[in-house]
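# Descriptive analysis of the structure
Below, each chain spelled out in residue letters.
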Amino acid sequence: MILDSKIPSGPLEKKWDKHIMDGKLVNPANKRKYEVIVVGTGLAGASAASSLAELGYTVKAFTFHDSPRRAHSISAQGGINASKNYQNDGDSVYRLFYDTVKGGDFRSREANVYRLAQVSSNIIDQCTALGVPFAREYGGLLANRSFGGAQVSRTFYARGQTGQQLLLGAYSGLSRQIGLGNVQSFPNNEMLELVVIDGHARGIITRNVITGAIERHSAHSVVLATGGYGNVFYLSTNALNCNVTAAWRAHRKGAVFANPCYTQIHPTCIPVSGDYQSKLTLMSESLRNDGRIWAPLKQGDKRPPNQIPEDERDYYLERKYPSFGNLAPRDISSRAAKEACDDGRGVGETGLGVYLDFKDAIARLGEDTIRERYGNLFDIYHEITGESAYQQPMRIYPAVHYTMGGLWVDYNLMSSIPGCFVLGEANYSDHGANRLGASALMQGLADGYFVLPYTLPHYLADVPRDPAPPTDHLEFVKAEEDVVERTNKLLDNNGKQTVKSFHKRLGKIMWDKCGMARNKAGLEEAIKQIPELREEFHADVRVPGTVKDLNQSLEIAGRVADFFELGELMCRDALAREESCGGHFREEYQSEEGEATRNDAEYAHVSAWEWKGKDQPPEHHKEPLEYESVKLATRSYK
């Protein structure tokens with residue numbers, strides 16, 4: 001397989017404009033003849049569906065939620081980046097581009113990242129026009145705050161609920177198109193298979209999660225905007241329904257999976273409190289603008305935080321990374337927290353926690369100002385822990401939050417299956433080995449509003465304007481049969497163990513062997529353990545209920561079955577990448593100071609894995625990363 005990135009020629013700053021001018025177009029009168037399926041209605045999916053419908057395409061939008069407004073994008077808290085330089089502090093398109101490439105530890109595709117920085121300002125204008133209530137300065141101008149990995153303030157925000165407000169804006173545009181009849185909405189429908197005809201994506205198979213009905217849907221192109229796969233770890237900040245199934249079905253049909261081992265661990269999450277938990281809660285990175293992170297200097301210090309004097313506290317991020325301090329990137333901040341806890345200086349009952357302290361900020365700015373900036377986040381923390389962050393420091397610890405890996409896409413956001421486009425967190429393209437804070441919302445909306453509407457016609461212009469393939473086509477029949485067979489096999493299995501118990505065991509293997517730190521011995525052990533656990537799952541799992549009605553156990557069982565295969569691939573990818581970079585930290589490859597050590601000579605590439613069949617090892621492909629504008633350098637935030 002040849003991975004053609006289709007990066008345009010010419011200077012970096014002109015590639016996107018040149019690509020638009022050189023690309024093929026679809027006549028406005030012909031657009032309505034093309035049907036496009038969009039799977040997922042978060043920021044990437046909702047913006048893509050509404051934009052394509054506005055342009056005149058016939059769009060079908062699918063979500064397994066009862067409303068597009070329930071997509072996980074709603075959970076994003078801190079903000080969205082854009083290079084508008086409203087603060088006059090030296091920001092620019094190039095600086096946002098460079099910060100993103102550097103933040104990803106020089107493992108992202110240069111041209112894609114520059115395009116992201118280019119269109120970032122348009123996103124703010126678009127969302128403001130949609131009525132998104134961004135925070136404003138006293139004079140009425142949009143406000144900014146700082147986020148990790150940057151020394152400028154470029155993050156636009158709506159208190160601690162930016163994702164919710166952005167999604168409501170995108171949803172309003174989508175609702176308008178639904179009302180006009182340009183988008184047909186399919187709520188409560190989960191994609192379970194991709195239909196490929198003559199090598200091109202031409203439809204999907206879905207299951208209605210309320211009625212259990214299996215349905216076939218055809219189109220001229222399929223867009224996957226289905227989010228990330230962090231729930232392979234069982235405990236993460238992701239919503240419980242987040243899964244990899246749509247992307248994994250495409251992978252098994254020929255879409256190569258890129259950099260699956262690149263997982264982001266977020267440094268500010270509420271620590272695990274017991275085995276009964278099924279998810280973790282994020283505390284926004286924006287809190288690090290005013291909060292100071294520290295751990296006791298003494299090992300095993302169990303005194304209440306307010307009784308530990310200043311000279312017995314280690315503000316370790318300020319000490320180790322003075323240029324960025326508490327706003328060091330997420331991967332570095334997470335490893336520093338783990339280092340403190342591994343040293344026996346962790347806090348809380350489990351010893352897996354550090355403090356995020358607002359005492360100085362409250363003394364400097366007043367409690368009312370802190371309440372205005374972060375009130376809803378402090379409320380969430382109080383509801384979960386019973387502690388007031390106004391009176392004592394928050395306890396935080398790193399947790400799985402985002403996945404930089406995903407389906408491989410070219411510059412047009414098309415996967416290795418022609419006609420199958422992948423947007424947002426579901427693809428791998430923009431963040432390299434570590435995503436900077438406030439860049440996920442930026443990428444999702446950039447892909448949906450400002451990239452796909454230009455690149456989709458490049459493909460559709462060569463597709464005959466005949467009606468979409470009939471759903472009685474042999475490939476649709478075979479795809480539905482595969483879904484029914486998989487579903488019945490899960491239900492017919494008369495095992496004794498619950499799906500959740502298997503998911504929890506898989507998550508422990510992934511966290512211990514392929515989590516914040518990895519090594520060769522642990523990864524090899526995981527590659528042996530996961531197939532054994534998968535076999536046990538298929539032999540002894542018990543899925544109650546039937547296929548013909550609401551059955552959440554069945555939904556979860558199908559997703560966990562795919563997580564087993566994904567988890568093994570993640571470990572294979574981590575084992576093959578014999579270097580440390582960003583969120584991929586191999587313990588064998590670190591500096592004397594414990595920092596990640598890259599190997600640019602051998603691993604400056606995208607690892608793309610091709611499915612070769614059940615119980616067969618995947619084939620490893622490589623897309624070289626070539627930098628024209630950026631000089632590869634050791635990442636430093638000191």
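Treat the numbers as computed from the prediction; the structure is a model and nothing was measured.

Under the defined criterion, the tally for this structure stands at 57 salt bridges. Residue Arg 292 pairs with Asp 360 through a salt bridge whose shortest N-O separation is 2.6 Å. On the criterion of sequence distance, the pair formed by Arg 292 in strand β12 (residues 292-296) and Asp 360 in helix α10 (residues 359-365) is long-range, its members being 68 residues apart. Residue class for Asp 360 comes out partly exposed when judged on its relative accessible area of 31%. Between Asp 342 and Lys 338 there is a salt bridge, with its nearest N and O atoms 2.8 Å apart. Residue Asp 342 and its partner Lys 338 are located together in helix α9 (residues 330-345), separated by four residues, close to a single helical turn. You can call Lys 338 partly exposed: its relative accessible area is 24%. Via salt bridges that share partners, Asp 105, Arg 107, Asp 331, Arg 335, Arg 577, Glu 579, Arg 598, Asp 600 and Arg 635 belong to a single interconnected network.

Below, the discussion takes up the layout of surface pockets. For the second largest pocket, the calculated volume is near 980 Å³. Forming the boundary of the second largest pocket are 38 residues, of which Arg 249, Arg 252, Arg 486, Asp 562 and Glu 565 lie nearest the centre. With ten residues, the top contributor of residues to the lining of the second largest pocket is helix α16 (residues 552-576). Here the residues of the lining of the second largest pocket are counted per class, giving ten nonpolar, eight polar and 20 charged.

Next up on the list: the nonpolar core. If you look at the biggest cluster of nonpolar residues, it comprises 167 residues, and the most contacted ones within it are Ile 80, Leu 194 and Met 394. If sequence neighbours within four positions are ignored, Ile 80 has contacts with Ile 123, Ile 124, Phe 134, Arg 154, Thr 155, Phe 156, Thr 162, Leu 166, Ala 438, Leu 441, Met 442 and Leu 445. Leu 192, Val 195, Ile 197 and Ile 205 belong to the second-largest nonpolar core, a separate cluster that totals seven residues.

Moving on: the sheet that holds strand β6 (residues 189-197). Pairing in this open sheet of three strands is antiparallel, and the strands run β6-β7-β8 from one edge to the other. In the strand order of this sheet, the two ends are held by β6 and β8 (214-218), each with one partner. Along the sheet, successive strands turn relative to each other by an average axial angle of 25 degrees, direction set aside. In this structure, strand β7 (residues 200-208) lies alongside β8, joined through five bridges in antiparallel fashion. From the neighbouring strand, Ile 205 faces β8, where its bridge partner is Arg 216.

Rules and cut-offs
- Residues numbered from 1 in each chain as written.
- Predicted model: local features only at pLDDT ≥ 70, side-chain atom pairs only at ≥ 80, totals over all residues.
- Heavy atoms only, no water.
- Salt bridge = Lys/Arg side-chain N within 4 Å of Asp/Glu carboxyl O.
- Helix = DSSP H or I, 4+ residues; strand = E, 2+ residues; numbered from the N terminus.
- Buried < 20%, exposed > 50% of the residue type's maximum accessible area, 1.4 Å probe, protein only.
- 1 Å grid on protein atoms, 1.4 Å probe; cavity = no way out; pocket = protein on both sides within 12 Å on 5 of 7 lines; lining within 4 Å.
- Points joined across faces, edges and corners; volume = space filled by probe spheres on them.
- Nonpolar A, V, L, I, M, F, W, Y, C, P; charged D, E, K, R; others polar.
- Core = buried A, V, L, I, M, F, W, Y, C linked by side-chain atoms within 4.5 Å.
- Contact = heavy atoms within 4.5 Å.
- Pairing = 2+ DSSP bridges.
- Axes fitted to C-alpha atoms, helices over the stretch in contact; angles between N-to-C directions.

Nothing here speaks to function; it is all geometry.
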